[in-house]
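What follows is the residue order along each chain.
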Amino acid sequence: MKITVAGLGPGHKDYILPLVVNALQKADVVIGYDYYFQFCEDYLKEGAVKIAMPLGKEEERAIVAVEEAKKNQHVFVIGSGDASIYSMAAIVYQVASLEKDSEIELETLPGVSAFLAAGSKLGAPLGHDFCCISLSDLMTPWQVIEKRIRAAAVGDFVCSLYNPKSKKRYWQLERLKKIFLEERDPSTPVAIIRQVTRPEEKITIQTLGTFDVEMVDMFSLVMIGNSQTFQFKNHLVTPRGYLNRKPHTGQEIQQESFRIVTEQLQDVQHSVEDKWAITRLIHTTGVIDDHVHYEASPKAVTTFSKFLQNGGTIVTDVTMVQAGITKRYAKEYGNQVVCCLNDPETTLLAEEEDLTRSQAGIKRAMALYPNALFVVGNAPTALFELTDQLRENPDFKPAGIIGVPVGFVNVIESKEQLVQVKNAEWIVLNGNRGGSNIAAALVNACFTLQESENYF
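Residues numbered from 1 in each chain as written. Predicted model: local features only at pLDDT ≥ 70, side-chain atom pairs only at ≥ 80, totals over all residues. Heavy atoms only, no water.

A description of the overall build of the protein should follow, citing residues and the corresponding values.
A count of helical and extended segments in the protein gives 16 helices and 19 strands. In terms of C-alpha radius of gyration, the protein reaches 35 Å, well past the compact-globule figure of 23 Å for 456 residues. For the protein, the spread of C-alpha atoms along the three principal axes comes to 110 × 50 × 40 Å. A fraction of 68% describes how many contacts in the protein between residues 6 or more apart in sequence connect residues 24 or more apart. Summing over all exposed atoms, the protein offers an accessible surface of approximately 22800 Å²; the carbon and sulfur share of this is 50%. In the protein, 45 side chains carry a positive charge and 56 a negative one; their mean positions are 5 Å apart. (Helix = DSSP H or I, 4+ residues; strand = E, 2+ residues; numbered from the N terminus. Rg over C-alpha atoms; globule rule 2.2 N^0.38 Å. Contact = heavy atoms within 4.5 Å. Areas by Shrake-Rupley, 256 points an atom, 1.4 Å probe, with all protein chains shown as cover. Lys, Arg positive; Asp, Glu negative; His and termini not counted. Charge placed at Lys NZ, Arg CZ, Asp CG, Glu CD.)

Quick look at the structure:
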């Protein structure tokens, strides 16, 4: 009392696995689509009963298999390819599960599916993640199929299409092509594999843009490559990535991060100089949309870059900004990076004039380094002090101001005061966003402006 479900491979007898042949030779009853018997008749034992049924009678085949197995027989249900892929295994198991207290033994034997045979014929198209989708909507609503098509296209899967087209189902493949073209480059390789492994076998390689759906029929399998798939002679190759080693050194990881960010910024309406500053900003925050909050005077990044590479002094409001500025850059260009926050004189000045220490530190630094680049990453009071002096003190002529304090009290107001400055270059990150790490990242961007040529 046993049912074995097995696939006979894609067509040629050489593709029937030996364990399937061995099991066939022991079967008492063999059930299947009448067309398939030509591939396995030579393997049946003498006296084996053949029950052939036409296409579309899959459920009936499963019911008959269960009934024959109840007669204490070994029943063999045949299908093409692999029995568990778009074939008879699922319906046989489903029907058998409806039998209460059934003692029928169930077995599925593997087979070579058409997409595997087609992949071998093409060379190496299945080298990375792939999926199979049936375009037959006889038992699956088209809305569900289209959802899966779109997911495969967006997910960049190599995609093998079963049941791509028939006389009554002729429009679905063209619809799939339109969906894929929304997500994939028109140059993406497409292969039409007709009657794979059989004498009539024919393989045609096209591209998604030139894909002629009229060449496809019910005996065809269509395989669409992913974004990395390429044609080599008569082969399709989808790289697994062995020749594209993942970055693992600090510098390689940083460069790859910059590449990912700049790829997202290509169409952003900013100058290359500002895009580079935004790249370093986003590399620090991990938030691509931070480009929306970035604002700078027209020549700020270029001006600051020249100033820093000429050895200009940097003044920070807090030591965290000072620590975040890459020491290698400051050493290379001979920059002095100053923070007066913790000086005894600053504490005394803060007490005497009722100032925050950050504000007092910036006030002292303005007197000591009036031509420095001032960088505020924490305290809006420090930014207020700078903008007030720019408006009131004609002798205060800084190289510029990077103003990105963070928080909820006076932060937005201090930045708004900075963007209205007319007599100095400036960079801000609007809104409540900001911080010492961002301030340092913007300084490092100005140090390395020449690197932008590698990305934009």
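Residues and numbers for the packing of helix α8 (residues 272–285) against helix α16 (residues 436–447), please.
In the contact formed by α8 and α16, the axes pass within 8 Å of each other and the chain directions differ by 145 degrees. The handedness of the crossing between α8 and α16 is right-handed. On α16, the residues touching W276, A277, R280, L281, T284 and T285 of α8 are N437, I438, A441, L442, N444 and A445. When its residues are assigned to classes, the contact of α8 with α16 shows seven nonpolar, four polar and one charged. (Axes fitted to C-alpha atoms, helices over the stretch in contact; angles between N-to-C directions. Left-handed = near helix turned anticlockwise from the far one by under 90°. Nonpolar A, V, L, I, M, F, W, Y, C, P; charged D, E, K, R; others polar.)

Can you break down the UniProt feature "domain: Cobalamin biosynthesis precorrin-8X methylmutase CobH/CbiC" (unreviewed entry) in the protein residue by residue, with the values?
Annotation from UniProt places "domain: Cobalamin biosynthesis precorrin-8X methylmutase CobH/CbiC" (unreviewed entry) at residues 252–448. In residues 252–448, helix accounts for 54% and strand for 10%; the two terminal C-alpha atoms are 16 Å from one another. (UniProt positions renumbered as here; feature names shortened; annotations may be inferred.)

Pulling in residues and values, what's your account of the sheet that holds strand β8 (residues 158–162)?
Read across the open sheet, the five strands follow the order β7-β8-β11-β9-β10; overall the sheet is mixed. The open sheet has two free edges, formed respectively by β7 (130–134) and β10 (202–207), since each of these has just one partner strand. Within the sheet, the average angular offset between the axes of one strand and its neighbour, ignoring direction, is 20 degrees. Across five bridges, strand β9 (residues 189–194) lies against strand β11 (residues 220–224) in antiparallel orientation. By the bridge assignment, R194 is partnered in β11 with S220. Of the strands in this sheet, β7, β8, β9, β10 and β11 are in contact with helix α4 (residues 114–122), which crosses β11 at around 65 degrees. (Pairing = 2+ DSSP bridges.)

Describe the UniProt feature "domain: Tetrapyrrole methylase" (unreviewed entry) in the protein, naming the residues involved and giving the relevant values.
Per the UniProt entry, the sites bearing "domain: Tetrapyrrole methylase" (unreviewed entry) are residues 2–210 in this numbering. The span residues 2–210 is 30% helix and 24% strand, and its two end C-alpha atoms sit 49 Å from each other.

Before we move on, can you summarise the pairing of strand β19 (residues 426–429) with the specific residues and values?
Each regular strand displays side chains that alternate between the two surfaces of the sheet. In β19, alternate side chains face the same way, and those of W426 and V428 on one face and I427 and L429 on the other are all buried. As paired elements, strand β14 (residues 294–296) and β19 share three bridges and run antiparallel to each other. Following the sheet pairing, A296 is matched in β19 by I427. By the bridge criterion, three bridges tie strand β18 (residues 400–403) to β19 in an arrangement that is parallel. (Buried < 20%, exposed > 50% of the residue type's maximum accessible area, 1.4 Å probe, protein only.)

Account for the environment of S113, naming residues and giving values.
The topology assignment puts S113 in the loop between β5 (105–109) and α4. For the pair S113 and Y15, spaced 98 residues apart in the sequence, the C-alpha separation amounts to 9.5 Å. If we skip the residues at most four places from it in the chain, S113 touches G81, D82, I85 and Y162. Here Y162 takes part through its side chain, which lies 2.4 Å from a polar atom of the side chain of S113. (Polar contact = N/O pair within 3.5 Å; in protein donor to acceptor, adjacent residues only side chain to side chain.)

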